[in-house]
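Structure assessment
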Amino acid sequence: MKNNNEPVVSLEELSFLEKALWKIGARLPRECCARALSLLHPSEDIHFVTPSISYWLANSKDFESLKAFVEPLKPFKVVIFTVNNNDDMSKTDGGTHWSLLVYYKDANTFVHYDSIRCLNGRYAMKLYDAVKGHVSSRDSDSRLEDLDRIQNKKRSFAMAAMYPCFREYSTPQQNNYYDCGLYVMAIARVICCWCVNTLKKNDEILFPDIL
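In this convention, every chain numbers its residues from 1, walking through the sequence in written order. Local features in a predicted model are, by the rule used here, given only for residues with pLDDT of at least 70; side-chain atom pairs are given and counted only at 80 or more, and totals for whole chains, interfaces and linings are based on all residues. Side-chain calculation: all heavy atoms of the structure are included, whereas hydrogens and water are not.

As recorded in an unreviewed UniProt entry, the chain goes by Ubiquitin-like protease family profile domain-containing protein and comes from Lithocarpus litseifolius.

Elements are defined by DSSP. Helices are runs of H or I of four residues or more, strands are runs of E of two residues or more, and each kind is numbered from the N terminus. In terms of helices and strands, the chain carries eight helices and five strands. Listing every helix and strand of the chain by position from the N terminus yields α-α-β-α-α-β-β-β-α-α-α-β-α. Burial status across the chain gives 42% buried among its 211 residues. Only heavy atoms enter the contact rule, under which two residues are in contact if any of them lie within 4.5 Å. Within the chain, contacts between residues separated by at least 24 positions form 63% of all contacts whose residues are at least 6 apart in sequence. Here the chain displays about 12400 Å² of accessible surface, and carbon together with sulfur accounts for 54% of that area. Exposure categories follow from relative accessible area, calculated using a 1.4 Å probe and restricted to protein chains: below 20% of the type maximum is buried, above 50% is exposed, and the middle band is partly exposed. Note that accessible areas follow from Shrake-Rupley with a 1.4 Å probe, and for residues the cover is restricted to the protein chains shown.

A few words on the sheet that holds strand β4 (residues 109–113). Pairing between two strands is assigned when DSSP locates at least 2 bridges connecting them. Within the open sheet, the five strands sit side by side as β1-β2-β3-β4-β5. Their pairing is mixed. Only two strands of the sheet have a single neighbouring strand rather than two, namely β1 (46–48) and β5 (165–169). Between one strand and the next, the sheet's axes are offset by a mean angle of 25 degrees, whatever the strand orientation. As paired strands, β1 and strand β2 (residues 78–84) are joined by three bridges and run parallel to one another. Here an angle of 0 to 180 degrees is reported between the N-to-C directions of two axes, which are lines fitted to C-alpha atoms, with helices fitted over the stretch in contact.

The contact between helix α3 (residues 51–59) and helix α4 (residues 63–70) brings their axes to 10 Å, and the two run at 140 degrees. Comparing their axes, α4 and α3 come out oblique. For the pair α3 and α4, the sense of crossing is left-handed. Contacts between α3 and α4 involve Ile53, Trp56 and Leu57 from the first element and Ser65, Leu66, Phe69 and Val70 from the second. Any angle between 65 and 115 degrees counts as roughly perpendicular, while under 35 counts as roughly parallel, over 145 as roughly antiparallel, and the rest as oblique. Each crossing gets its hand from how the near helix is turned against the far one by less than a right angle, where anticlockwise is left-handed and clockwise is right-handed.

Extensive coverage of β4 is indicated by the burial of five of its five residues. In terms of strand pairing, strand β3 (residues 98–104) meets β4 through five bridges, oriented antiparallel. Across the sheet, Leu101 pairs through a bridge with His112, a residue of β4. Linkage of β3 to β4, two consecutive antiparallel strands, is achieved through a turn of four residues, within which Asn108 is found at a positive phi near 50 degrees. Here five bridges tie β4 to β5, and the two strands are oriented parallel to one another. Across the sheet, Tyr113 pairs through a bridge with Tyr169, a residue of β5.

What follows is about the pattern of salt bridges. Just to be clear on terms, a salt bridge is a Lys or Arg side-chain nitrogen sitting within 4 Å of an Asp or Glu carboxyl oxygen. Enumeration over the complete set of coordinates arrives at four salt bridges. Ionic pairing is found between Asp87 and Arg122, a salt bridge with its closest N-O pair at 3.6 Å. Of this pair, Asp87 sits in the loop between β2 and β3 while Arg122 sits in helix α5 (residues 121–131), and the two are 35 residues apart along the sequence. By the burial criterion, Asp87 is exposed, and Arg122 matches it. As a salt-bridge pair, Asp129 and Lys132 come within 3.5 Å of each other at their nearest N and O atoms. Residue classification places Lys132 among the partly exposed residues on the basis of a relative accessible area of 21%.

Given below as structure tokens:
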């Protein structure tokens, strides 16, 4: 049932908004961009985590709250996080660069897409470390039980295999220091279109070639 208090956005308005995003995306609020992308490319298998939540997940010290938020993401085949290089949590608008960290469930892999080489590499790894134990279909207790049955000398290899892997992936590179917002949206759009088309063909989702 439609909520009369919610705004109604037509397809024509969404199309206009999409064109506007390409022109002024670098200056638009990040939450607005994420919301626009989720509306333009709706899918039950793709989930956008807003920039503010992505940042909170990377920096949260509250394990239980983090777990409670991330575990509902398990049913999605593709989860898209944003990465920001803000080191000062007191500044909500801090940081100078944005990139994407995408979890592909079928490949059990986190892929980092950065339009300035690996500038956000350590921040993407920080977010990955925070959420990697909660996105797999198997819960943490099951993994710990498995580890208890493994000899100590093999335990480190087993732990690496139980969690999703992390990899940097080639992506188009910006030639300035202010277009990261546009690149984040463009890359997210390519990922969404690729995923939707792959799902229609019932192919196994791994991850697309952004280049």
